[in-house]
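Structural overview for review
As a plain string of letters, each chain reads:
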Amino acid sequence: MKQQIAERPVITGANVPGRGAPGRMLRRRAARVWTEMKKNRHAYVLMAPYFIIFCTFTVIPVLLSFILSFSNFNLLEPPKWIGWQNYARLFVQDDIFLIALKNTLLFAAITGPISYIACFMFAWLINELPPKLRALLTLVLYAPSISGNTYLIWTLLFAGDSYGFANSFLMKWGFIMEPIQWLQDSRYVLMILILVQLWLSLGTSFLAFIAGLQNVDRTMYEAGSIDGIRNRWQELWFITLPAMRPQLMFGAVIQIASAFSVAEISIYLIGFPSVDYAAHTIVTHLVDYGTIRFEMGYASAIATVLFTIMLTVNLVTQKLLGKVGE
Amino acid sequence: MKMVLKIPKRLNRSLGVDLLLFVLLGGVACFMALPLVFTISNAFKPIDEIFTFPPKLFVRNPTFKNFTDLVGIFSDSWVPFSRYVFNTFFIAIVGTAGHVILASAAAYPLAKLRFPGKKLMFNIVVLSLMFTVYVTQVPNYMMISYLGLINTYWAILLPAFGMTLGLYLMKQFMEQIPDALLEAGKIDGASEYRIYWQIVMPIVRPAWLTLIIFSLQNLWTNGSVTSHKYIYSEQLKTVDYVFGQIQNGGLVRTGPVAAVTLLMMIVPITVFIVTQSSIIQTMSTSGLKE
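Observations regarding helix 11 (residues 205-219) of chain B
- In a regular helix each residue adds 1.5 Å, so 15 residues correspond to 21 Å; helix 11 of chain B covers 21 Å between its end C-alpha atoms and thus fits that length.
- Burial in helix 11 of chain B covers these residues: Pro206(B), Ala207(B), Leu209(B), Thr210(B), Leu211(B), Ile213(B), Phe214(B), Ser215(B), Leu216(B) and Leu219(B).

Here you go:
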């Protein structure tokens, strides 16, 4: 009691006369935060180099891109404010953007869920194998995603002449009489892109799932068995998946990001621009306006649309994954 | 007397489904491996074997001619091939080392210290995992050009230092370091910097290796899209740029292209083989908590 009384004048002493209560509170809070910050300055010193770079190349660009999307900017003249015109042009006038949007959504709707489920399925299957075999299969399944440009080998597998693997196989078995121009025919290119993307997709999340599965508490399975779990599917749904929820969330973030950002494989495999824009995606559209036509304002609008789509899909997915095993 | 023959049966498994699933797994493993096997075998095929009908998966008369041809092709270029190789290694090594050091320095306070703004900073990092570099490529180009970094190694190195995934994984991994260990350091009078460098860094070795593989994955062939924009001097270009050039040489170059592809994929795969168990260890803490 005594202490409290003794402290009071110290606190009120910090008041500046003539200020309202909220102002005083704010000032006091700011002062407290400031002392905390000074006390922990080594934390900021350690973080500074990374975060300066991170802000320069990630945070500021996102904000800048958002602002520029409302302007007309070609790098040479100063940006001109034009309001929503870029967005109006995107969705009303730019037919090619609509094709790109359709392709991207279709592509993501197929490769996103399939690759995500495949990452988990194979991690789950591998998990039951002896360690040596598990390490080998992890390598085989993961290798495509780290071997850089190796995906270009698909141009040989799907070569348009009869030397291509796909063509020669189909011709030998009599499915087709003449070689198909796989990479030049707008009916096939998106399909091939999807196939190659799936081939590349057992990446970071696959490793995260393998690791997550190894960490599920063994005794939970025994307990579950006593509680009446009869088969592997029930075990998966009621024990494994809930125990891995954090990994599942992380994996979803990674798979969604890669499903929406396909561009390189489209450009290098199918070509740019692709036949009838059949393999044109939001990102290739962005590359077109951002690095070839230098319509930076318009490109920023494309980037902002992409950003919004990715963030929305991510947040919805996170909500859905929260329900797993309930 | 009844012998109890008890095979240690795994819980909740049936042989039929086991078989079915593993046939599926085998099939997919073949699908994944086929292009890689094809790449390896193509690199050793003489030209007449590359163009046979029907094409063969495996090489009959292996030859090193594709590799020796490569030497011939490169002796024509006015920038010596060794310079491209140097650039590739330089960017991969410096970029990776810088990323590991900076990201772990930033991850330590985020994981283990308490200070104002910590939560906000981490949330921004998580948010930025949700979109890709393409979103920021237009402003990035402007940033790099305003900083005067166009046509320098820095145009590729600096953004690579700031990769988000590495910081995220490192921070999650550091969280499991027992606080007692850090307290002990503090009692001995070590500064936070020393604790970071001498106590934390040695413990998180598995996480470094993980950051190395992801950074390498990013930098090893990253030349393809980004460096074309940022780098125009022939002397600063990397192997995968030349790779594209050889490929433009058309059908005759199919053999040498296969040889370069093989050489380029050996490095990341070898690194992964060596570091696999550390990576799995790191990824077990990668989960995203609600």
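Examining the packing of helix 6 (residues 131-146) of chain A against helix 1 (residues 15-43) of chain B
- Orientation of helix 6 of chain A relative to helix 1 of chain B, taken along the N-to-C sense of each, is 50°, at an axis distance of 9 Å. In terms of their interaxial angle, helix 6 of chain A and helix 1 of chain B are classed as oblique. Two packed elements cross with a definite hand, and for helix 6 of chain A against helix 1 of chain B that hand is left-handed. Across the interface between the two elements, Leu137(A), Val140(A), Leu141(A), Ala143(A) and Pro144(A) of helix 6 of chain A pack against Leu25(B), Val28(B), Ala29(B), Met32(B), Ala33(B) and Leu36(B) of helix 1 of chain B.
- Counted by class, the contact of helix 6 of chain A with helix 1 of chain B contains 11 nonpolar, no polar and no charged residues.

Side note on the domain arrangement of chain A
Residue and element names in this part refer to chain A.
- You can read the domains of chain A as domain 1 (2-81) and domain 2 (91-321).
- Contacts between the two partners involve 9 residues from domain 1 and, on the opposite side, 10 residues from domain 2.
- Taking both sides of the interface into account, the surface hidden between domain 1 and domain 2 amounts to around 650 Å²; carbon and sulfur atoms contribute 67%.
- At the boundary of domain 1 and domain 2, one finds 1 residue pair in polar contact (both at pLDDT 80 or more).
- In terms of residue count, helix 3 (residues 41-68) provides more of the side of domain 1 that touches domain 2 than any other element does, 4 residues in total.
- Of the residues contributing to the side of domain 1 that touches domain 2, the split by class is 5 nonpolar, 4 polar and no charged.

A look at the interface of chain B and chain A
- With 102 residues of chain B at the contact, the number on the chain A side is 106 residues.
- Buried area between chain B and chain A, summed over both chains or domains, comes out near 9,300 Å², and the portion from carbon and sulfur atoms is 76%.
- Across the contact surface, chain B and chain A share 1 salt bridge.
- Ionic pairing is found between Arg232(A) and Asp18(B), a salt bridge with its closest N-O pair at 2.6 Å.
- At the junction of chain B and chain A, the tally comes to 12 residue pairs in polar contact (both at pLDDT 80 or more).
- Here the side of chain B that touches chain A gets 16 residues from one element, more than from any other, and that element is helix 1 of chain B.
- Taken together, the residues of the side of chain B that touches chain A break down into 69 nonpolar, 24 polar and 9 charged.

Describing the packing of aromatic side chains
- In total, this model carries 33 aromatic pairs over all chains according to the counting rule given.
- Linked through ring pairs, Trp154(A), Phe158(A), Trp182(A), Tyr188(A), Trp199(A) and Phe31(B) together constitute an aromatic cluster.
- Just above the ring of Tyr289(A) sits the side chain of Arg293(A); from NZ or CZ to the centre is 4.4 Å.
- Directly above the ring of Phe122(B) sits Lys171(B), whose terminal nitrogen or CZ lies 3.8 Å from the centroid.

Thoughts on the nonpolar core
- Formed by 195 residues in total, the largest nonpolar core has its most connected members in Leu141(A), Phe206(A) and Phe250(A).
- At 14 residues, the largest contribution of residues to this core is made by helix 5 (residues 95-126) of chain A.

Considerations on the environment of Ser41(B)
All names here are of chain B.
- Counting through the fold element by element, Ser41 comes out in helix 1.
- A sequence separation of 20 residues divides Ser41 from Asn61, and the C-alpha atoms of the two residues are 10 Å apart.
- In this structure, Ser41 is in contact with Leu57, Phe58 and Val59, ignoring residues within four places of it in sequence.

Remarks on helix 8 (residues 165-172) of chain A
All names here are of chain A.
- Every buried residue of helix 8 is listed here: Ala166, Asn167 and Ser168.
- In this fold, the buried residues of helix 8 make contact with helix 7 (154-157).
- Two residues or fewer past helix 8, Gly174 is found with a positive phi of approximately 80°.

What about a nonpolar patch on the surface?
- Among the surface-exposed residues, Phe66(A), Ile67(A) and Trp81(A) lie close enough to one another that they form a single nonpolar patch of about 390 Å² accessible area.
- Here Trp81(A) is to be found in strand 2 (residues 80-81).

Some details on the pattern of salt bridges
Residue and element names in this part refer to chain B.
- Counting across every chain of the model gives 9 salt bridges over all chains.
- Two residues, Asp69 and Lys65, come together in a salt bridge whose shortest N-O distance is 3.2 Å. Of this pair, Asp69 and Lys65 are both found in helix 3 (residues 65-76), 4 residues apart, which corresponds to roughly one turn of the helix.
- Measuring nitrogen to oxygen at the nearest pair gives 3.0 Å for the salt bridge that ties Lys171 to Glu175.
- Exposure remark for Lys171: the relative accessible area of 7% places this residue in the buried category.

Cut-offs used in this document
- Starting afresh in each chain, residues are numbered from 1 along the sequence in its written order.
- Whichever chain is written first becomes A and whichever ligand is written first becomes 1, with later ones labelled in order.
- In keeping with the model being predicted, local features are shown solely for residues with a pLDDT of at least 70 and side-chain atom pairs are shown and tallied solely at 80 or more, while totals for entire chains, interfaces and linings include all residues.
- Only heavy atoms go into the side-chain values, all of them from the structure, while hydrogens and water stay out.
- Numbering of helices and strands starts at the N terminus; helices are DSSP runs of H or I of at least 4 residues and strands are runs of E of at least 2.
- Expected helix span is given by 1.5 Å per residue-to-residue step, counting one fewer step than there are residues.
- Burial status follows relative accessibility: with a 1.4 Å probe on protein chains alone, a residue under 20% of its type maximum counts as buried, one over 50% as exposed, and anything between as partly exposed.
- Lines fitted to C-alpha atoms define the axes here, with helix axes fitted over just the stretch in contact, and angles between the N-to-C directions of these axes take values from 0 to 180 degrees.
- Any angle that falls under 35 degrees is termed roughly parallel, while one over 145 is termed roughly antiparallel, one within 65 to 115 roughly perpendicular, and all others oblique.
- Left-handed describes a crossing whose near helix is turned anticlockwise from the far helix by less than a right angle; the clockwise case is right-handed.
- Residue contacts are defined here by distance: any two heavy atoms, one from each residue, within 4.5 Å place the two residues in contact.
- Note on residue categories: nonpolar means Ala, Val, Leu, Ile, Met, Phe, Trp, Tyr, Cys or Pro, charged means Asp, Glu, Lys or Arg, and polar means any other residue, Gly included.
- Residue ranges for the domains trace back to a domain assignment, done automatically or taken from a database.
- Note on terms: buried area is the combined drop in 1.4 Å-probe accessible area of two parts once they are placed together, counting the loss on both.
- In protein, a polar contact requires one atom able to donate a hydrogen and another able to accept it; more generally it is a pair of N or O atoms within 3.5 Å, and residues adjacent in sequence count only if both atoms are side-chain atoms.
- A pair is scored as a salt bridge if a Lys or Arg side-chain nitrogen falls within 4 Å of a carboxyl oxygen belonging to Asp or Glu.
- For Phe, Tyr and Trp, where Trp contributes only its six-membered ring, two rings pair if their centres lie within 6.5 Å, and the inter-plane angle classes them as stacked under 30 degrees, edge-to-face over 60, or tilted in between.
- Any Lys NZ or Arg CZ found within 6 Å of a ring centre and within 35 degrees of that ring's normal is scored as a charge over the ring.
- Side-chain atoms within 4.5 Å are what join buried Ala, Val, Leu, Ile, Met, Phe, Trp, Tyr and Cys residues into a set we call a nonpolar core.
- To count toward a patch, a residue needs a relative accessible area over 30% and no salt bridge; like charges are then connected within 9 Å, while nonpolar side chains (Val, Leu, Ile, Met, Phe, Trp, Tyr) are connected within 5 Å.
- Only the protein chains shown count as cover for residues, and the accessible areas themselves come from Shrake-Rupley with a 1.4 Å probe.

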